[in-house]
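# Observations on chain architecture
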Amino acid sequence: MPAAARTYWLTSPCRIRRKDESLIIERDNAANVHIPVTDVRDIVACAETDLNTAVISLLNRHRVNVHFLSYYGDYAGSLLTSDTSTSGETVAAQARTAGDPHASVAIARSIVDACAFNVRRVVDRKLLARPYTVLRESIEDSTSQAQLMGAEGTFRRSAWEVIDTKLPDWLQLNGRSRRPPRNAGNAFISYVNGITYARVLTAVRLTPLHSGIAFLHGTMERQRHSLVLDLSEMFKPLMAERLLLRMASRNQLKEHHFDRDTNQAMLSDTGRKLVVQTIRDEFAVTVTHRTLARNVAYDELLYLDALALTRHCLEGTPYKPFRIWW
Amino acid sequence: MITYDDVGGVHIKYLYHCRRQLWLYLRGIRPEHLNAAVQSGEAVHDTSYTRNTPVDLGAAKLDFVDGSHWVHEVKSSSRPSPADEAQGRHYCHRLHRVGIEAKGAVLHYPKTRRTQKFPYTEQAAVQAEADVEAVLAVAEAPASPDRLARSGCRGCSFTDYCWTE
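Residues numbered from 1 in each chain as written. Chains lettered and ligands numbered in written order. Predicted model: local features only at pLDDT ≥ 70, side-chain atom pairs only at ≥ 80, totals over all residues. Heavy atoms only, no water.

When you go through chain A residue by residue, the secondary structure sums to nine helices and 12 strands. For 326 residues, the compact-globule formula gives about 20 Å, and the C-alpha radius of gyration of chain A, at 20 Å, lands near that figure. With the C-alpha coordinates of chain A rotated into their principal frame, the extents come out at 60 × 50 × 40 Å. Across the 326 residues in chain A, those meeting the buried criterion constitute 56%. Residue pairs in contact within chain A that sit at least 24 positions apart in sequence constitute 64% of those at least 6 positions apart. With an accessible surface of roughly 14,300 Å², chain A has 49% of that area assigned to carbon and sulfur atoms. Counting 42 positive and 35 negative side-chain charges, chain A places the averaged centre of each group 3 Å from the other. (Helix = DSSP H or I, 4+ residues; strand = E, 2+ residues; numbered from the N terminus. Rg over C-alpha atoms; globule rule 2.2 N^0.38 Å. Buried < 20%, exposed > 50% of the residue type's maximum accessible area, 1.4 Å probe, protein only. Contact = heavy atoms within 4.5 Å. Areas by Shrake-Rupley, 256 points an atom, 1.4 Å probe, with all protein chains shown as cover. Lys, Arg positive; Asp, Glu negative; His and termini not counted. Charge placed at Lys NZ, Arg CZ, Asp CG, Glu CD.)

Bringing the packing of aromatic side chains into the picture now. Residue and element names in this part refer to chain A. This model, assessed by the stated rule, comprises seven aromatic pairs over all chains. Measuring from ring centre to ring centre gives 6.5 Å for W9 and F283, while their planes differ by 25°; the resulting arrangement is stacked. In this pair, W9 sits in strand 1 (residues 6–10) while F283 sits in helix 8 (residues 269–284), placing the two residues 274 residues apart along the sequence. The exposure classification of W9 matches that of F283, with both residues buried. (Phe/Tyr/Trp six-rings, centres within 6.5 Å; stacked < 30°, edge-to-face > 60°.)

Turning our eyes to something else, we now look at the interface of chain B and chain A. Contact with chain B, which involves 22 residues of that partner, is made by 23 residues of chain A. Here chain B packs against chain A, burying approximately 1,900 Å² in sum over the two surfaces, 54% of which is carbon and sulfur. Considering only the side of chain B, the residues that lose the most area to chain A are L34(B), D160(B) and Y161(B), jointly responsible for 34% of the buried surface there. Joining chain B to chain A, the criterion identifies three salt bridges. Close ionic contact of E315(A) with R20(B) constitutes a salt bridge, the shortest N to O distance being 2.8 Å. For the pair chain B and chain A, the interface holds eight residue pairs in polar contact (both at pLDDT 80 or more). (Buried area = accessible area lost by both parts, 1.4 Å probe. Salt bridge = Lys/Arg side-chain N within 4 Å of Asp/Glu carboxyl O. Polar contact = N/O pair within 3.5 Å; in protein donor to acceptor, adjacent residues only side chain to side chain.)

Pairing between the strands of a sheet is mediated by backbone hydrogen bonds and can be parallel or antiparallel. All names here are of chain A. Strand order in the open sheet made by the four strands is 1-5-7-8, with mixed pairing throughout. The open sheet terminates on both sides in strands that have one partner only, identified here as strand 1 and strand 8 (75–79). On average, adjacent strands in this sheet sit at an angle of 20° to one another, irrespective of strand direction. As judged from the five bridges shared by strand 1 and strand 5 (residues 40–45), these two strands associate in the parallel manner. Residue pairing across strands places R6 opposite V40, the latter belonging to strand 5. (Pairing = 2+ DSSP bridges. Axes fitted to C-alpha atoms, helices over the stretch in contact; angles between N-to-C directions.)

Before going further, it helps to spend a moment on unusual backbone geometry. For R63(A), which is not a glycine, the phi torsion comes out positive at approximately 55°. Following the sequence through the fold, R63(A) ends up in the loop between helix 1 (53–61) and strand 7 (65–69). For R63(A), a relative accessible area of 26% corresponds to the partly exposed category. If you check the backbone angles, R113(B) has positive phi at about 55° while not being a glycine.

Residues and elements named next belong to chain A. This structure, assessed with the given rule, holds 24 salt bridges over all chains. Among the ionic pairs, D299 bridges to R199, the shortest N-O distance being 3.0 Å. With a gap of 100 residues between them, D299 in helix 9 (residues 298–315) and R199 in helix 6 (residues 184–206) connect regions that are remote in the sequence. R199 gets classed as buried once you look at its relative accessible area, which sits at 0%.

Let us look at helix 8 of chain A. Residue and element names in this part refer to chain A. Taking 1.5 Å of rise per residue, the 16 residues of helix 8 would be expected to cover 22 Å, and the 23 Å separating its terminal C-alpha atoms lies within 8% of that figure. Listed as buried for helix 8 are G271, R272, V275, V276, T278, I279, E282 and F283. Buried residues of helix 8, viewed axially, fall in a sector of 165°; they line one side. Seen from the buried face of helix 8, the exposed residues on the opposite side, beyond 90 degrees, are D269 and A284. Where helix 8 is buried, its residues contact strand 1, helix 6, helix 7 (226–249), strand 10 (265–267), strand 12 (295–297) and helix 9. (Expected span 1.5 Å × (residues − 1). Arc of directions from axis to C-beta.)

Turning our attention to the sheet that holds strand 3 (residues 64–65) of chain B. Residues and elements named next belong to chain B. Ordered by their spatial adjacency, four strands build an open sheet running 3-4-5-6, and the pairing between neighbours is mixed. Where the open sheet ends on each side, the last strands, each with one partner, are strand 3 and strand 6 (114–119). Taken together, the five bridges between strand 4 (residues 70–74) and strand 5 (residues 104–109) define a ladder with parallel strand orientation. Considered in strand 5, the bridge of E73 is made with L107. The sheet strands contacting helix 4 (residues 82–97) are strand 3, strand 4, strand 5 and strand 6, and the helix crosses strand 5 at an angle near 140°.

On to the side chain of H67(A), then. All names here are of chain A. In this fold, H67 is placed in strand 7. A polar contact of 2.8 Å, which involves the side chain of H67, links it to the side chain of S78. A polar contact is formed between the side chain of H67 and the backbone oxygen of A198, at a distance of 3.2 Å.

Residue and element names in this part refer to chain A. Tracing the backbone shows I324 in the segment after helix 9. Under the relative-accessibility criterion, I324 is labelled buried at 6%. Each C-alpha atom, one on I324 and one on D269, is 32 Å from the other, the two residues being 55 residues apart in sequence.

Below is the structure:
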């Protein structure tokens, strides 16, 4: 996302107050922080946060979204500003594309392919070579979104197994489980996926697209922003799987970073802080973009991908979902 | 899509800068507020000549008109461009349509402390009329115009949209 402002991550319980035309972050045992509202692109609240109407109206005027992660670390919801970026013409074009079975399956296909490509890229090229060819074949044969999701699930299962071979015993996934995550590894993945979802939502809200009209996931399914589910597919491996493997191999994740009960696990307070800091820094990492010929942060890649999809809907230029190119 | 009376200064500016930009702008692609240069331009606008009141002509909004009917426009760039001139010309055209005999446009460049004067002549009136027609023609086009050469896109807030692959 363009660099005119930045994301603020709230990791300790706090209250956001409005002081004239700027924000004050109040915390229990730390000094107040004053933030000019023009510097804020969006806020990710990873801990308990209080805010009131005065703040909301200021945030709305400056189009600042706030994303909330719940006590258990899953995505709890967002405070979204009014839909000032969407454009009728683009949304109509998007709906036409989504309504055309041929066009929407083509997009869904390329999303699944790009997602698997990225998983394979960050997990293991050799061990996943075979599952990836199988996936590509079944993508070719698929004619519906459900079939594509099934093929992706099969590929993902082999990927989770490969990941397990690279993790210490206590961090192994033993199959993906959600709501609640059953063990430490799953808790980590869920948490990072929640943040990625929130970041993609911010990105989509900056483009003229409608966040509910999707191509792979059912439109408006589960009262979620389905388009965001679509677009975050490609970015989850870049953040979740990659960071899990990296932090495990660097021995950064310790057992005390997780609270574990018999059949569920979540990040502890210290763990949460560590993970949020890591993700925040990771989103700021830059790579050279080939056609823009400048450095772009990972954060911005989400926005650029949503723009590419906008172009596909509005102008019919080919849409190539994000693939890790470096 | 838009009518003769909806054509404003921004449309004219984009017409001169890049027709593709105009086409996209008309279809609701508005990435400007994300661009640091645009924000800085707005800041220049907010802090320069604050004693004068802007004139709202509906679609067009011009910075101010002085006592002898010269239109004044404040520009944040340091280099005058044909688009700036066209914008001033369009404002004169709009004023004439509501019965104010604007004499011409004065463009202010606070960064370099220069001004440029463009009297509104017969010829300018014809050109202003042609510009409005050109905007309407771009609006009608079913397909988007091609991108400019890459170098022409430098600094444009639509670059991300046009050039991401």
